[in-house]
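# Structural features, examined
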Amino acid sequence: MTTERTTALALLSKESFLELVTENYGDNATPQFQQIKFPTSGSKSFVVSGLSGDETVEHLEGVVIFHHAARAYWHTAFSGGNLPDCSSRDGVVGIGDPGGACARCPYNQWGSRANGPGKACKDMRRLVILRSGEMMPIILTLPPTSLRPFNDYAGNLLRVKVSIRGVLTRIGLIITKNAGGIAYSQATFRSVGKLGEDDLVAIRALAEVMTPMVRRTAVDASEYNDGSPAPEDPNAGQEPRGG
């Protein structure tokens, strides 16, 4: 792990954050989180929306304040805008058709995908990322082919007793190929800075506020990337333990 610099995020207090959210969205409103669409095959950049329009960046840099499993399933082929017939905000219970316990769902079994190896129900992981200079985090949803690199990164931090919330994480992209020679984009992760103690305390307080807000955000078509092929290895989409 690299800790090249100590990073100051100039975070708002929990009270100031909630006050600003109320001023912008009104009472009892859930703020909208910007969804960063994971790029399709052959791309090594992300598209981020800002006040001046869309910006193409080679990497995302910020603190992963929270992450959780998610799933999405379509009865018919995904066409780019249709909402999932069934989705899960925690990777445990599906909402919709067929719904119910994900562990027992036939669409969550290896080999259920109609057009190749993999599962019909898509495993994903939402990363809630707070970038320097911003108070509202963005959401990047990882496809199955990027779950293992994230799991490895989280495990490397754990081995040296460092919380993923205590470092500045840089997320990049590489182009790789599956056994069939199909190219796809895969996320990379590395630590590029260590948070000061004050920022870490503030991040944990912010995570307490943000977690239920993110959990209420439904899984939608913008989080689905149909450009990355399913992994051949049934364990390649392994999800990190915990969140």
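See the structure printed just above.
Cut-offs used in this document
- Residues numbered from 1 in each chain as written.
- Predicted model: local features only at pLDDT ≥ 70, side-chain atom pairs only at ≥ 80, totals over all residues.
- Heavy atoms only, no water.
- Salt bridge = Lys/Arg side-chain N within 4 Å of Asp/Glu carboxyl O.
- Helix = DSSP H or I, 4+ residues; strand = E, 2+ residues; numbered from the N terminus.
- Axes fitted to C-alpha atoms, helices over the stretch in contact; angles between N-to-C directions.
- Contact = heavy atoms within 4.5 Å.
- Nonpolar A, V, L, I, M, F, W, Y, C, P; charged D, E, K, R; others polar.
- Phe/Tyr/Trp six-rings, centres within 6.5 Å; stacked < 30°, edge-to-face > 60°.
- Buried < 20%, exposed > 50% of the residue type's maximum accessible area, 1.4 Å probe, protein only.

## Observations concerning the pattern of salt bridges
Under the defined criterion, the tally for this structure stands at four salt bridges. Notably, a salt bridge pairs Arg170 with Glu61, separated by 2.7 Å at the nearest N-O pair. Of this pair, Arg170 sits in strand S11 (residues 167–177) while Glu61 sits in strand S5 (residues 60–73), placing them 109 residues apart in sequence. Notably, a salt bridge pairs Arg71 with Asp123, separated by 2.1 Å at the nearest N-O pair.

## Some details on the packing of helix H1 (residues 14–25) against helix H3 (residues 197–215)
Running from N to C, H1 and H3 point in directions that differ by 35°, and their axes come no closer than 9 Å. When H1 is examined against H3, the residues Lys14, Phe17 and Leu18 are found in contact with a partner set consisting of Ala205, Leu206, Glu208, Val209, Met210 and Met213. Along the lines of polarity and charge, the residues of the contact of H1 with H3 split into seven nonpolar, no polar and two charged.

## Describing the packing of aromatic side chains
Scanning the model with the defined rule gives four aromatic pairs in all. With centroids separated by 6.4 Å and ring planes inclined at 80°, the aromatic side chains of Phe38 and Phe46 adopt a geometry described as edge-to-face. Per residue, the accessibility class of Phe38 equals that of Phe46, and both read buried. Between Phe150 and Phe189 the ring centres are 5.4 Å apart and the planes differ by 65°, which places this aromatic pair in the edge-to-face class.

Nothing here speaks to function; it is geometry throughout.
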